Amino acid sequence: MWSMKKTVIGGKSRDDDWVICFNRHEVGRVMLDRFPNNGAAPWEWSAWCYPSGQGRVHSMEVARENVRATVLRATKIITKRG
């Protein structure tokens, strides 16, 4: 089951900064960069799996889906090897 929770670092959190969880395990993060350089897409995403993934996109929904797809792809690789 997929869920999201606020990112908390040093007891503090920011708006639009989320940890993505899969089966209660933290597997990635999506956050809004309010001042992206050189017209880069504002949403950053990263998946904490092997092989990992990261990137920038124009919406939170796409960022979440990229984390999900990366984690599921890694899960299939692990399942095939194991």
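Residues numbered from 1 in each chain as written. Predicted model: local features only at pLDDT ≥ 70, side-chain atom pairs only at ≥ 80, totals over all residues. Heavy atoms only, no water.

Peer 1: Help me understand the side chain of Thr7, please; the structure alone is not making it clear to me.
Peer 2: Within the fold, Thr7 resides in the loop between strand 1 (2–6) and strand 2 (17–22). Residue Thr7 is classed as buried on the basis of its relative accessible area, which comes to 5%. Among the polar contacts made by the side chain of Thr7, one reaches the main-chain amide nitrogen of Val19 at a distance of 3.5 Å. Discounting residues that sit within four places of it in the chain, Thr7 has contacts with Lys12, Ser13, Arg14, Asp17, Trp18, Val19 and Arg29. (Helix = DSSP H or I, 4+ residues; strand = E, 2+ residues; numbered from the N terminus. Buried < 20%, exposed > 50% of the residue type's maximum accessible area, 1.4 Å probe, protein only. Polar contact = N/O pair within 3.5 Å; in protein donor to acceptor, adjacent residues only side chain to side chain. Contact = heavy atoms within 4.5 Å.)

Peer 1: Help me understand the pairing of strand 4 (residues 43–47), please; the structure alone is not making it clear to me.
Peer 2: Look at any regular strand and the pattern is simple: side chains alternate between the two faces of the sheet. With four of five residues buried, strand 4 is to be regarded as a mostly interior element. Bridge count for strand 3 (residues 25–32) against strand 4 is five bridges, and the pairing is antiparallel. The residue bridging Met31 from the neighbouring strand is Glu44, located in strand 4. Across five bridges, strand 4 lies against strand 5 (residues 53–57) in antiparallel orientation. Within strand 5, the residue paired with Glu44 across the bridge is Arg56. (Pairing = 2+ DSSP bridges.)

Peer 1: In this structure, what is going on with the confidence of the model for the protein? I would like to understand it.
Peer 2: Any segment with low pLDDT has predicted coordinates that should not be analysed in fine detail. On average, residues of the protein carry a pLDDT of 92, and 93% of them reach 70 or more. Looking across the protein, the model is least confident in helix 1 (residues 60–81), with a mean pLDDT of 87, and most confident in strand 4, with 98. (pLDDT = per-residue confidence, 0-100.)

Peer 1: I keep staring at the sheet that holds strand 3 and nothing clicks. Help me out?
Peer 2: In a beta sheet, neighbouring strands pair by backbone hydrogen bonds and run either parallel or antiparallel. Taken together, the five strands give an open sheet; going across it, the order is 1-2-3-4-5, and neighbouring strands pair in antiparallel fashion. The open sheet terminates on both sides in strands that have one partner only, identified here as strand 1 and strand 5. Here the average twist between neighbouring strands, direction ignored, is 20 degrees. (Axes fitted to C-alpha atoms, helices over the stretch in contact; angles between N-to-C directions.)

Peer 1: Honestly, the pattern of salt bridges in this entry has me stumped. Any pointers?
Peer 2: Pairs can form between side chains of opposite charge once their charged atoms are near each other. Tallying each qualifying case throughout the model produces seven salt bridges. When the shortest N-O distance is used, the salt bridge between Asp17 and Arg14 registers 3.6 Å. We classify Asp17 as buried; its relative accessible area is 3%. Here Asp16 ties to Arg34 by a salt bridge, and the two come within 3.4 Å at their closest N and O atoms. One end of the pair, Asp16, is in the loop between strand 1 and strand 2; the other, Arg34, is in the loop between strand 3 and strand 4, and 18 residues separate them in sequence. With a relative accessible area of 25%, Asp16 lands in the partly exposed category. Here Arg34 falls in the partly exposed class, since its relative accessible area comes to 49%. Taken together, the shared-partner salt bridges connect Arg14, Asp17 and Arg29 into one network. (Salt bridge = Lys/Arg side-chain N within 4 Å of Asp/Glu carboxyl O.)

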